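# Observations on the model geometry
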Amino acid sequence: MKDPANARTWVRDNVQAYLPGTRVCTITVGNEILTFNNTAMSDDLLPAMQGVHEALVASGLDKQVSVTTAHSLATLQVSYPPSAGAFRKDLLPYITPILDFHSRTGSCFLINAYPYFAYKADPKHVPIDFVLFQPNRGITDPSTNLRYDNMLFAQIDAVYAALGSVGYRNLSVQISETGWPSKGDADEAGATTENARKYNGNLIKLMKQKKGTPMRPDWDLSIYVFALFNENMKLGPTSERNYGLFNPDGTPAYALGITNSTTTARGGGGSTPPAGPRIDGYMTISEAANKDATRIVAVTLLWIIIPLMIWMHV
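Residues numbered from 1 in each chain as written. Predicted model: local features only at pLDDT ≥ 70, side-chain atom pairs only at ≥ 80, totals over all residues. Heavy atoms only, no water.

## Structural notes on the packing of aromatic side chains
To keep it simple, the criterion reads: Here a pair means two rings of Phe, Tyr or Trp (six-membered ring of Trp) with centres within 6.5 Å. Their orientation is stacked below 30 degrees between planes, edge-to-face above 60, and tilted elsewhere. By the criteria applied, helices consist of DSSP H or I runs no shorter than four residues and strands consist of E runs no shorter than two, each listed in order from the N terminus. Buried residues are those whose accessible area, probed at 1.4 Å on protein chains only, stays under 20% of the maximum for their type, while exposed residues exceed 50% and partly exposed ones sit between those limits. Throughout this description, the term charge over a ring refers to an Arg CZ or Lys NZ atom that lies within 6 Å of the ring centre and within 35 degrees of the ring normal.
Overall, the coordinates contain twelve aromatic pairs when judged by the stated rule. Measuring from centroid to centroid gives 5.8 Å for Tyr114 and Tyr243, while their planes differ by 75 degrees, and the two rings are edge-to-face. Here the residue Tyr114 occupies a position in the loop between strand E5 (109-112) and helix H4 (115-121), and Tyr243 occupies one in the loop between strand E9 (223-225) and strand E10 (258-259), the gap between them amounting to 129 residues. With 5.5 Å between their ring centres and 80 degrees between their planes, Tyr160 and Trp219 make a pair best called edge-to-face. Here the residue Tyr160 occupies a position in helix H6 (residues 151-165), and Trp219 occupies one in the loop between helix H7 (193-208) and E9, the gap between them amounting to 59 residues. Relative accessible area serves as the criterion here: at 2%, Tyr160 is assigned to the buried category. Site record: aromatic cluster; members linked through ring pairs are Tyr114, Tyr116, Phe117, Tyr119, Phe133, Trp180, Tyr199, Phe226 and Tyr243. The positively charged end of Arg216 is found above the aromatic ring belonging to Trp219, 4.8 Å away from the centroid.

## A few points about the pairing of strand E8 (residues 173-178)
The cut-off we apply is this: Pairing between two strands is assigned when DSSP locates at least 2 bridges connecting them.
Taken across its six residues, E8 has six buried, putting it largely inside the fold. Taken together, the four bridges between E5 and E8 define a ladder with parallel strand orientation. Paired with Phe109 across the bridge in E8 is Val173.

## So, the environment of Pro81
How we decide: When checking whether two residues touch, look at their non-hydrogen atoms; a contact exists if any pair is within 4.5 Å.
Mapped onto the elements, Pro81 comes out in the loop between strand E3 (76-78) and strand E4 (86-87). Among residues more than four places away in sequence, those in contact with Pro81 are Asp141 and Pro142.

## What to know about the packing of helix H2 (residues 39-58) against helix H3 (residues 92-105)
This is how the line gets drawn: In this analysis an axis means a line fitted to C-alpha atoms, helices contributing only their contacting stretch, and an angle means the value between N-to-C directions, from 0 to 180 degrees. An angle below 35 degrees is treated as roughly parallel, one above 145 as roughly antiparallel, one from 65 to 115 as roughly perpendicular, and anything else as oblique. For this scheme, ten residues count as nonpolar: Ala, Val, Leu, Ile, Met, Phe, Trp, Tyr, Cys and Pro. Four count as charged, namely Asp, Glu, Lys and Arg, and the remainder, Gly too, count as polar.
Interhelical geometry of H2 versus H3 gives an angle of 10 degrees and a closest axis separation of 11 Å. Here H3 runs roughly parallel to H2, going by the angle between their axes. In this structure, H2 contributes Thr39, Ser42, Asp43, Leu45, Leu46, Met49, Gln50 and His53 to the contact, and H3 contributes Tyr94, Pro97, Ile98, Phe101, His102, Arg104 and Thr105. Across the contact of H2 with H3, the residue classes break down as seven nonpolar, six polar and two charged.

Quick look at the structure:
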């Protein structure tokens, strides 16, 4: 993508060819590249992002399609309390130019945030209700006096604080991945069907309230749920194969009120999808779950990680 000709060909074949029938809003170049600790990949990241953006400009698509990349929370040196959020010093030479690119092009800063990992690492000291959006005492940031009743919003505000500390306070932060596994190995605390149902179900309810984080209460917030399907052929611990809302055959992994064209998942406000034209296999949020939820599209249900991918809003 650093080569202008390659970038223009890629945009032509993978973006332009599907417009306007497909709503493409963002191209994300790479996933968690900076925390692979691979210098060559880190050096190539921003030039690749610039190459794709310039190809969009040349095609007249840069006003409707933005370019970004997704980062791990491991880019932060400090994440608690949220107001003390700061990036790793060794990554600043890479992050700062990327932030300048976002500022110039109007694209979002993406973070993959998983409260599950914090709970798994220390289940005795991380309150389960705090990570599952359940009623709890919450925490108060001693510097700002802001109260947090869930870990995800605390993580997001830590990123906002880190951005502000390097002079990019006005950049928009969006969550490119979050989720909870419905199964896990014996040492994967909390990886249960009930906890997955609570996490994703409560997250949808929270997004329907159209509230931002305590630090940015009036800012738009988009959250992408990982993942649509369980990845039954994926390597690694059992949890890695069980983040999906659906099994590979299209049946619900657990009841969340999410339906496809032939199956209804009861128990989470589910209902039979409204009648009308439907593409076979298309997944939708049921009518009950979708009522008055203009921003529920933010909790999109498809997020497939590949080296270079396109976001498609449902």
